[in-house]
Amino acid sequence: MPCTVIAGAFWGDEGKGKIISYLALKDKIDVCVRTGSVNAAHTVWFEGKRYALHMVPATFVYEGCRLLIGAGSNIHVGRFLEEVKETNVGNRIGVDYQASIIEEKHSQQDKTSSHLRGIGTTGWGVGPAIEERVRRTAKLARDIPELQLYLADVAKEVNEAIDAGKKVILEGTQGFMLSLFFGTYPYVTGRDTSASAICSEAGVGPTRVDDVLLVYKAFMTRVGAGPLPGEISKDEAVKRGWFEIAAGTGRERRSAPFNFEIAKRAAVINGATQAALTKLDALYPNCKGKRSYDELPQEAKEFIKEVENQIGIPVVLIGTGPDALDIIDRRT
Ligand code: IMP
Ligand code: MG
């Protein structure tokens, strides 16, 4: 546990927000570094309120957690300040002084560039902001007056926390199949989304990580364009109870059954040591709200066993409903 990377296995929206917020409360996580950018929304239900977090780490629900945004991230200043206010974390959040900035012009470029049109980007401008960074002309967090209060040396802080034996989460965003390197190129996001990249964006070397927890959903979804093996129609998705609307963009999600080949490849390339499987109740409605493995119906247990056999790692956390505590925790 001490340093755990949390990554998504499919096309994002696997339920990382729920898993991370559960771990924050349950394990009392000391430090969390969020990576990626504002295009990703992590949904967290806390004290009856729903949060769609684009910037603030999903561990904010545990008041003892230091919240950090890594040097590899891109900051949307307006959204960051709004969320800090909404979650009331101004006294415990830090932004790496060398994180880069997304400006309004990047969002415009996202929406008007012909080469991006067919991809169905989220429109936040993350791709163009990364292009700007690669060109070495980007603004950084340290250049922004409104961020001075929050500036931090995130790599230093997180490595010191690991040295001190504190509990650390490196919060990945989006999913492995959206990786610029390993996903369904060109229908991908502008960065690598794998566990190694999450470490890199946070400033943590590969030898310092103890666990890679890969988050799967019991079926697959994707928003935007690009291949989705086994895709079913919207009508069929509604009938099965799989139909979802994206937390960040409000767009309809496409869906398909769980794919073992994709799941296995994600486990290998992420170096996953543990898996979480969310929304089991969407597949087997009689699992809803269950909090112990023994209570699960036989067919659900068999599905979990099959997943474990195929991906070669244990499914330690199982989601059975929207509440943060609707989780079966099989860790010893
Ligand atoms: P971009 O990341 O906004 O450039 O969008 C590229 C592709 O990744 C589009 O298909 C988006 O819908 C998808 N995408 C980006 N971020 C997320 C996410 O957090 N969840 C799900 N899909 C995402
Ligand atoms: Mg999402």
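Above this note sits the structure.
Source: prediction; values computed, not measured.

## Remarks on the environment of Glu86
The residue Glu86 is located in helix 2 (residues 77–87) in this model. Under the relative-accessibility criterion, Glu86 is labelled partly exposed at 37%. Along the primary structure Glu86 and Thr137 are separated by 51 residues, whereas in three dimensions their C-alpha atoms are 31 Å apart. Residues in contact with Glu86, not counting those within four places in the same chain, are Lys49 and Tyr51.

## Some words on the coordination of the magnesium ion (ligand 2)
At the metal site, the magnesium ion (ligand 2) is ligated by Asp13 (OD) and Ala41 (O), and these contacts range over 2.1 to 2.4 Å. Taken together, the residues Asp13 in the loop between strand 1 (3–8) and helix 1 (16–27) and Ala41 in the loop between strand 2 (31–34) and strand 3 (42–46) connect sequence positions 28 residues apart. Using a relative accessible area of 24% as the deciding quantity, one classes Asp13 as partly exposed. On the accessibility criterion, Ala41 (13% relative accessible area) is buried.

## Looking at the pattern of salt bridges
Within this structure, the stated rule accounts for 23 salt bridges. Across the salt bridge formed by Glu132 and Lys105, the nearest N and O atoms sit 3.2 Å from each other. Placement of Glu132 in helix 5 (residues 126–134) and of Lys105 in helix 3 (residues 104–112) is noted, with a sequence separation of 27 residues between them. The exposure class of Glu132 is buried, given its relative accessible area of 7%. A salt bridge links Lys217 to Glu244; the nearest nitrogen and oxygen atoms lie 2.8 Å apart. On the criterion of sequence distance, the pair formed by Lys217 in strand 11 (residues 211–217) and Glu244 in the loop between helix 8 (234–240) and strand 13 (254–257) is long-range, its members being 27 residues apart. The buried category is assigned to Glu244, whose relative accessible area is 7%. Among the charged side chains, a network of salt bridges with common partners joins Asp13, Lys217, Glu244, Arg253 and Lys279.

Criteria and thresholds
- Residues numbered from 1 in each chain as written.
- Chains lettered and ligands numbered in written order.
- Predicted model: local features only at pLDDT ≥ 70, side-chain atom pairs only at ≥ 80, totals over all residues.
- Heavy atoms only, no water.
- Helix = DSSP H or I, 4+ residues; strand = E, 2+ residues; numbered from the N terminus.
- Buried < 20%, exposed > 50% of the residue type's maximum accessible area, 1.4 Å probe, protein only.
- Contact = heavy atoms within 4.5 Å.
- Donors = N, O, S within 2.8 Å, 3.2 Å for Na, K, Ca; no water.
- Salt bridge = Lys/Arg side-chain N within 4 Å of Asp/Glu carboxyl O.

Geometry only, nothing functional implied.
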